[in-house]
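Below, each chain spelled out in residue letters.
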Amino acid sequence: MPQVILPIGPQHPALKEPVNFKVIVDGETIVGLELDVSYTHRGIEKAAEQRDFIRVVPLLERVCGICSHAHGTAFVMGIEEVMQLEIPPRAQYIRTIVAELERMHSHILWLGVAAHVVGFNTLFMWTWRDRETTQDLLEEMTGNRMNYGINEVGGVRRDLTPGQITSALSRLPKLEEQIAKYVDMVMNQETMLLRFRGIGKLSKAEALKYGTVGPTARASGVDYDIRRDDPYIAYSEIPWKVVTDTSGDVFGRTLVRIGELQESLGIIRYCLEHLPEGQIGVPAPKVAPVAEILSRYEAPRGELVHFIRTNNTDRVERIDIRTPTLANWTSVTVSLVNQNIADIPVIVAAIDPCLSCTSRITILSERGRKTAEMTWDQLSEYGRKSSRERDRC
Amino acid sequence: MLMDPLLLAVYILIFPGFLFLLAYAFFLQYLDRKIAARMQQRVGPPLLQPFADFIKMLGKEVIDPAGVDRMAFDAAPVVALAAAMTAFLYIPVVGESPFAFQGDLVLVLYLLTLPTIALFLLGWLSRNVFSSVGGVRAVTMLFIYEVPFFLALLMPALMAGSWSISEIAAWQGKHTWFALFQPIGFVVGLIGLQAKLERQPFDIPEAETEIVAGPWTELTGRRLALMHLTMHVALVAGSGLIAALFLGGPLLPWTISPPWLSWIAGFAMFLGKTLAILLILASIKVAMGRIRIDQLNDIGWKYLASATILQVAIVLLMGSRGVGI
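Cut-offs and rules
- Residues numbered from 1 in each chain as written.
- Chains lettered and ligands numbered in written order.
- Predicted model: local features only at pLDDT ≥ 70, side-chain atom pairs only at ≥ 80, totals over all residues.
- Helix = DSSP H or I, 4+ residues; strand = E, 2+ residues; numbered from the N terminus.
- Rg over C-alpha atoms; globule rule 2.2 N^0.38 Å.
- Buried ≥ 20, exposed ≤ 12 C-beta atoms within 10 Å, placed from the backbone.
- Contact = placed C-beta atoms within 7 Å.
- Pairing = 2+ DSSP bridges.
- Axes fitted to C-alpha atoms, helices over the stretch in contact; angles between N-to-C directions.
- pLDDT = per-residue confidence, 0-100.
- Domains from an automatic or database assignment.
- Core = buried A, V, L, I, M, F, W, Y, C linked by C-beta atoms within 7 Å.
- Nonpolar A, V, L, I, M, F, W, Y, C, P; charged D, E, K, R; others polar.

### A few points about the overall build of chain B
And then number 1: When helices and strands are counted, chain B shows 13 helices and zero strands.
And then number 2: Listed by position from the N terminus, the elements making up chain B come as α-α-α-α-α-α-α-α-α-α-α-α-α.
And then number 3: The globule rule puts the C-alpha radius of gyration for 325 residues at 20 Å, and the 20 Å found for chain B is close to it.
And then number 4: Looking at chain B as a whole, 52% of its 325 residues are labelled buried.
And then number 5: The contacts of chain B with a sequence gap of at least 6 include a subset with a gap of at least 24, amounting to 80%.

Okay, here's the thing in structure tokens:
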């Protein structure tokens, strides 16, 4: 067969969100790839500049449905650092519990999606059934299955009652048992091994070169986890370990995520058992002083960065969100080349892409009919120009 | 076996011909989906769901992709369905098929290949890149599983010394099931049937997450309905064929009188055996993911083909020792 361009997206059954690959294939082998990720620009950063610190937290939680706690926490951590607030340990532990429950539900969801893209729907159905346990726990603790709304600047908004703690602890063993079952299935199910092993290889050097983060990087042997390397909320007090793997393929990424599921379960259990007594928040001032801060958070998909600039008002002057998916995208274009068409969904799914959170820039033509591209130099020139303009007024 | 023309017409049109065939095809489809759903902790469809889907799709708008050859596009599903339904007439359901002749086994195998060829044609005619890739995959897969599948299904014929499915079934009534004589052939036959019906792990041509629906992508309305029905019918014909060749079909080793009782017993045997085969196929479907076409190529030619050749050698050796033939 001659080389053909296979358009994948913006609408495609394998994609849950809009992205466009133009895959150049020779028969069943991929020889090249063009990528367009910006289909869902929502102007969320601009909207965040219009709201005060109380109203901006719910907005930022809605950057991503799955990592909603990650965005909320990354933001309030940054603002609390600017305001130099001392957050009570009980609030930090509750944040940690919600964060790890979120990581668990995200990883279980991912495992189901990964099984689904290779046509193994049974594991898909089973994992999503068991994910309900984490969703129920989150709902009991925070009131919502998603977009928990537990964070505010200065602490958390809901306390855990002793009843909630015992009920949560009693449900963990069942979940642990199910996770052990998935470990067994992933390690031994022949068709999954065939589809995951040796696919989408990314060496350690490549993983570092393309700036991958999270499980994608850890599966290539990059021992890097913000929770350990730059500990925030309660992670420095909790015994746990970073899961890494050296294989660098989709199978490795699966193993890392499954290992993290088990670690997260341990963290949640520790936090519930050792929940400190005390306040769940401190009153926060209305305004934040002039400052620039980079807040880092280990979201389920990798390192999430919030850059925040405050200017002595009750709202941020600028917030810039770098989602982990954006950091991992470039590695996909590398690991796809010379693979089979059938492996596209597997390799794409292996970084657990969360596309609608990623879109930050869209360059439109005058009448908004076409999108354009910008080189790095053009972009930095544009940035310098607009910051000069801002300084002038 | 000659019959009254009126009885023959009843046989073709009503029982166990087309009317029963369609009803049973919908029922097997329901059962397949229900079993899979229960294994996956889902509720599954109600009894009439496959039939309702069929009726609904018949009523839907038929969309022609731009520049498609309409005649061929309309004809391919009809040809495929006709082939699958005709194949069923030679499968013994309540005793020997009245149409049985020396060589009907070859005819049935040929007719069961036609739906795949129709799928390839549909993919090719669709003028859609997903369909073309899917069509090419379908026909590539055909070349991989068809040889072991044919060889495995021809082995009972070699041993029974007949090319008629009904006579092979009758031979097993006198001796014993070929599933016991030729276990490798039986397993290869089941795997080949799973591949022929494009079920997991062989749903490569219609891999949803890769190429949308493969050759099915541009099918709408009655074309889609007919193609789905073809696959349902092929499931009945295929499992009936395996039941007749390897599990003795509907024929009993002893004679029961009166004849109507023997008919009912035979029919019950047919139902039981095809349902058992469906259960195996559904379990395979639920327990596995989809493999890649190059991996299927490896598995097919390395293991399936070698296993079948081994089975051929064993059958020939047994034949030279005076077993069978």
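### Quick notes on the sheet that holds strand S1 (residues 3-8) of chain A
All names here are of chain A.
And then number 1: The antiparallel open sheet is built from three strands, whose spatial order is S1-S2-S3. Two strands lie at the open edges of the sheet, namely S1 and strand S3 (29-36), each paired on one side alone. Each neighbouring strand pair of the sheet contributes to a mean axis angle of 20°, computed without reference to strand direction.
And then number 2: Where strand S2 (residues 20-26) and S3 come together, seven bridges link them in antiparallel fashion. Paired with Asp-26 across the bridge in S3 is Thr-29.

### Description of the confidence of the model for chain B
And then number 1: On average, residues of chain B carry a pLDDT of 86, and 98% of them reach 70 or more.
And then number 2: Two summary scores accompany this predicted model of the complex, namely pTM at 0.86 and ipTM at 0.82.

### Brief notes about the domain arrangement of chain A
And then number 1: The assigned domain composition of chain A is domain 1 (3-38 + 359-392) and domain 2 (44-335 + 348-354).
And then number 2: Each of domain 1 of chain A and domain 2 of chain A has a C-alpha centre, and these two points are 27 Å apart.

### Description of the nonpolar core
Across soluble globular proteins, nonpolar side chains have a tendency to be buried as a group.
And then number 1: In terms of nonpolar packing, the biggest core is built from 204 residues, with Ala-84, Ile-165, Val-233 and Ala-237 of chain B touching the most fellow members.
And then number 2: The element best represented in this core is helix H11 (residues 221-246) of chain B, accounting for 17 residues.
And then number 3: For this core, the domains that each give at least three residues are domain 1 (3-38 + 359-392) and domain 2 (44-335 + 348-354) of chain A.
And then number 4: Beyond its immediate chain neighbours, meaning those up to four positions away, Ala-84 of chain B contacts Leu-111, Leu-112, Pro-115, Thr-230, Val-233, Ala-234 and Ala-237 of chain B.

### Points about the interface of chain B and chain A
And then number 1: Contacts between the two partners involve 24 residues from chain B, matched on the other side by 26 residues from chain A.
And then number 2: Listed by contribution, the elements that provide at least two residues to the side of chain B that touches chain A are helix H6 (129-160), helix H10 (208-211), helix H12 (259-287) and helix H13 (293-320) of chain B.
And then number 3: Looking at the side of chain B that touches chain A residue by residue, the classes come out as eleven nonpolar, six polar and seven charged.

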